[in-house]
Number of protein chains: 2
Amino acid sequence: MNTINVALVQQSMQADTRANLEVSLAQVQMAARRGADLVVLCELHTSLYFCQEKSARHFRLAEQIPGPLTRQLSLAARKNRVVIVGSVFEKRARRMYHNTAVVVERDGSLAGIYRKMHIPDGPGYHEQYYFVAGDTGFVPIQTSIGKLGVMVCWDQWFPEAARLMAIGGAEVLIFPTAIGWDPEDDDEEKQRQMQAWQIIQQSHSISNNLPVICTNRTGHEKDLSGTTRGIDFWGHSFVTDAFGKITTQGPADVAETLHARVDLSETKRCRQVWPYLQDRRIDAYGNISKRSVDAPRDPMPAPALPDRESRKKRR
Amino acid sequence: MNTINVALVQQSMQADTRANLEVSLAQVQMAARRGADLVVLCELHTSLYFCQEKSARHFRLAEQIPGPLTRQLSLAARKNRVVIVGSVFEKRARRMYHNTAVVVERDGSLAGIYRKMHIPDGPGYHEQYYFVAGDTGFVPIQTSIGKLGVMVCWDQWFPEAARLMAIGGAEVLIFPTAIGWDPEDDDEEKQRQMQAWQIIQQSHSISNNLPVICTNRTGHEKDLSGTTRGIDFWGHSFVTDAFGKITTQGPADVAETLHARVDLSETKRCRQVWPYLQDRRIDAYGNISKRSVDAPRDPMPAPALPDRESRKKRR
């Protein structure tokens, strides 16, 4: 199969996690009836984006894989004969949690998981409090419809991640996401951020000749700690072709399931004209694994010795 | 100094190399009078883009560094008190040539060179015939106005290159370029290519929080071998701020020197909000230095033996 029918569930969340899951599952069913082969849900699609605050009470939302949520996704995948990319607040062990994407095969089996590798930590996005950085590495997940390069949200800003998925054989890059505007920013700053977010993901498509699928939540969510004015999740879920062109895009503020056809065979044609993978200078990339390659600084000079002993000696 | 005045010389070349150099030097002088601190010339700005064909006669264009061209650039830099990024078809030794960027300090000294690391090779761009891949690595060049991450053209498609410059301390990324349209492509394809070219460079700005400066030649140049319909160099030299926004942009088909102010202090503010360099997973990037990390294939099964001997044995 070269072309896959993809559905992106751009969802608006509420406090009731069961209600959120019901919406996700209903959208999976509707998307399958419209012919979807693959349904991509948002990051943490069963809950509000609780990482706006640091509160231990949110850990009760976490569960193991497999667990109740994975089972529900599995049943939905089998019933509707679709591959699903879902998102689980994973309890791996006592006080060891991950932000994990699960890929469920159309027969209901678990095709694989990806644990978010890059974890943000800043005002509005206190994820390092909840999630330990993933240890799956950037390994695409084989499914009946192709090899899926599934990552999560903040990963989308790191070209290394997309590249590793590509040279690992990914046929498409997929980013379940939760990102939005600070209501205090002006419109120019808001547009600037959203455009940068699309451009960085388009660039992964261009530099790897792969289509990109990105789902984002929508709607305003309060900061329950009262520290900020909350987040206006900016929607704009989108799909690119294999050379970075956005072919389908959602609105900012409406919950909506988008449908797109993604042609996986474009990659082959694209790589013939733009053979980056052939021209990579792998002999010269070693320092990518360093934090910094600044020139070494001079060692700190020894302080002058103003004490009597040293003055005596000089005489 | 936090803000630098940059001039981008978007030039149209002719067969007469001396005339091309005179234009470059005149533009340097005019730009300096208009207050430029840094002048960025195009890739191979003294000649037509000879790589459209493979012909040994073009090797006579090459010269050593330092050599006549570097000296002319050096004199211009000293006379006009500007830093210049120029481009030299470098003869390093007998049949060892590079596509090299030179950075000349405002006092006329050679601040450093960068030898193009990624060399394209395809219809219209037969660079591997002329240039051996560079061995400088991705090391920014220190100048009086900042640490310049100078690369050349095809390098602009490789996020690894930009990242290495960034973690090496570059304060700005600079790409002298020669890229254009195949006249046989339709307008949609032309736009698609040019947009991808801008997006991939905007992405280096975004993912590294650095401004980008890119100069490109303009004008139609024939393919002297008669194989193709030549190249319409697409101009559109441009500058971004430290978050990928294009602030200055040239036209497609007019030779023009663009002026832009580039605020190097934006990087600091940008990195506070988007701390990618802090969140990079350097423990998980090792495979970037591999060509491919595909799962190993099954070894080839032994072929069946239809010869008499083996049939006999089976009886």
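Here the structure is a predicted model, which means the values were calculated and not measured. (Residues numbered from 1 in each chain as written. Chains lettered and ligands numbered in written order. Predicted model: local features only at pLDDT ≥ 70, side-chain atom pairs only at ≥ 80, totals over all residues. Heavy atoms only, no water.)

A.B. asks: What is the right way to look at the sheet that holds strand 15 (residues 238-240) of chain B in this model?
C.D. replies: In a beta sheet, neighbouring strands pair by backbone hydrogen bonds and run either parallel or antiparallel. All names here are of chain B. An order of 8-9-10-12-15-16 is seen for the 6 strands of this open sheet, with the pairing classed as mixed. One side of each edge strand has no neighbouring strand; the edge strands of this open sheet are strand 8 (141-143) and strand 16 (246-249). If you compare each strand with its neighbour and ignore which way they point, the axes differ by 20° on average. In the sheet, strand 8 pairs with strand 9 (residues 146-150) via 3 bridges, with the strands oriented antiparallel. Note on strand 9: the bridge partner recorded for Ile141 is Leu148. (Pairing = 2+ DSSP bridges. Helix = DSSP H or I, 4+ residues; strand = E, 2+ residues; numbered from the N terminus. Axes fitted to C-alpha atoms, helices over the stretch in contact; angles between N-to-C directions.)

A.B. asks: Quick question: what am I supposed to make of the interface of chain B and chain A here?
C.D. replies: Many descriptions give the size of an interface as the accessible area lost when the pieces come together. Each side of the interface is counted separately: chain B has 52 residues, and chain A has 52 residues. Taking both partners together, chain B and chain A bury about 5,100 Å²; carbon and sulfur atoms supply 61% of that area. Between chain B and chain A we count 10 salt bridges in total. One salt bridge in this structure joins Glu160(B) and Arg280(A), with 2.9 Å as the shortest N-O distance. In this structure, the connection of chain B to chain A is made through 25 residue pairs in polar contact (both at pLDDT 80 or more). Looking at the side of chain B that touches chain A, the elements with two or more residues in it are helix 4 (159-167), helix 5 (187-208) and helix 7 (276-279) of chain B. For the side of chain B that touches chain A, the class distribution of residues is 25 nonpolar, 14 polar and 13 charged. (Contact = heavy atoms within 4.5 Å. Buried area = accessible area lost by both parts, 1.4 Å probe. Salt bridge = Lys/Arg side-chain N within 4 Å of Asp/Glu carboxyl O. Polar contact = N/O pair within 3.5 Å; in protein donor to acceptor, adjacent residues only side chain to side chain. Nonpolar A, V, L, I, M, F, W, Y, C, P; charged D, E, K, R; others polar.)

A.B. asks: In this structure, what is going on with the sheet that holds strand 10 (residues 172-177) of chain A? I would like to understand it.
C.D. replies: Residues and elements named next belong to chain A. The 6 strands are arranged 8-9-10-12-15-16 in an open sheet whose pairing can be described as mixed. Two strands in the sheet have a free side with no partner beyond their single neighbour: strand 8 (141-143) and strand 16 (246-249). Taken over all neighbouring pairs, the strand axes of this sheet differ in orientation by 20° on average, direction set aside.

A.B. asks: Explanation requested: the packing of helix 4 of chain B against helix 5 of chain B in the structure shown.
C.D. replies: The relative placement of two packed helices is expressed as an angle between their axes plus a distance between the axes. All names here are of chain B. Running from N to C, helix 4 and helix 5 cross one another at 40°; their axes reach a closest spacing of 10 Å. The chirality of how helix 4 crosses helix 5 is right-handed. Between helix 4 and helix 5, the contacting residues are Pro159, Ala162, Arg163 and Ala166 on the first element and His204, Ser207 and Asn208 on the second. (Left-handed = near helix turned anticlockwise from the far one by under 90°.)

A.B. asks: What's the story with the packing of aromatic side chains in this structure? I'm lost.
C.D. replies: Two descriptors summarise a pair of aromatic rings, namely the distance from one centre to the other and the angle between the planes of the rings. Enumeration over the complete set of coordinates arrives at 56 aromatic pairs over all chains. When the ring of Tyr49(A) is compared with that of Tyr125(A), the centres are 5.5 Å apart and the planes differ by 55°; the resulting orientation is tilted. With Tyr49(A) in the loop between strand 2 (38-40) and helix 2 (68-80) and Tyr125(A) in strand 7 (residues 125-126), the pair connects residues that are 76 residues apart, well separated along the chain. For the ring pair Tyr114(B) and Phe138(B), a centre distance of 6.4 Å and an interplane angle of 40° mean the geometry is tilted. Here Tyr114(B), found in strand 5 (residues 110-115), pairs with Phe138(B), found in the loop between helix 3 (127-130) and strand 8; they are 24 residues apart in sequence, far enough to count as distant. For Phe138(B), a relative accessible area of 7% gives the class buried. Through pairs of rings, three or more aromatic residues link up here, namely Phe50(A), Phe59(A), Phe89(A), Tyr97(A), Tyr129(A), Tyr130(A) and Phe131(A). (Phe/Tyr/Trp six-rings, centres within 6.5 Å; stacked < 30°, edge-to-face > 60°. Buried < 20%, exposed > 50% of the residue type's maximum accessible area, 1.4 Å probe, protein only.)

A.B. asks: Sorry if this is basic, but what is going on with the relation of the copies chain B and chain A here?
C.D. replies: One copy of the chain maps onto the second through a rotation about an axis and a displacement along it. Laying chain B over chain A is done by rotating through 180° and shifting 0.0 Å along the axis; what remains is an RMSD of 0.0 Å. Taken together, the rotation and translation describe the operation of a two-fold axis. Most of the interface of chain B is mirrored in chain A, where 100% of its interface residues are also at the interface. (Least-squares fit on C-alpha atoms with pLDDT ≥ 70 in both.)

A.B. asks: Teacher, can you tell me more about the side chain of Glu53(A) here?
C.D. replies: Topologically, Glu53(A) is positioned in the loop between strand 2 and helix 2. Not counting the four nearest positions on each side in its chain, Glu53(A) is found in contact with His58(A), His126(A), Tyr130(A), Asp223(A), Leu224(A) and Ser225(A).

A.B. asks: So what exactly am I meant to see when it comes to the nonpolar core here?
C.D. replies: Among the nonpolar cores identified, the biggest contains 150 residues, and Leu38(A), Trp157(A), Leu38(B), Phe138(B) and Trp157(B) are the most heavily contacted of them. Sequence-distant contacts of Trp157(A), that is, excluding residues within four places in its chain, are made with Ile179(A), Gln193(A), Ala196(A), Trp197(A), Ile200(A), Ile206(B), Ser207(B), Phe243(B), Trp274(B) and Tyr276(B). (Core = buried A, V, L, I, M, F, W, Y, C linked by side-chain atoms within 4.5 Å.)

A.B. asks: Explain the pattern of salt bridges here, please?
C.D. replies: Think of it this way: side chains of opposite charge can pair up when their charged atoms draw near. Enumeration over the complete set of coordinates arrives at 30 salt bridges over all chains. When the shortest N-O distance is used, the salt bridge between Asp241(A) and Arg192(B) registers 3.1 Å. Remark: Arg192(B) occurs in helix 5 and Asp241(A) occurs in the loop between strand 15 (238-240) and strand 16; the pair is interchain, linking two chains. Glu53(B) serves as the salt-bridge partner of Arg57(B), at 2.9 Å between the closest nitrogen and oxygen. For Arg57(B), a relative accessible area of 38% puts it in the partly exposed group. Accessibility expressed as a relative area gives 9% for Glu53(B), which makes it buried. One network of salt bridges, with partners in common, ties together Glu90(A), Arg92(A), Arg115(A) and Asp135(A).

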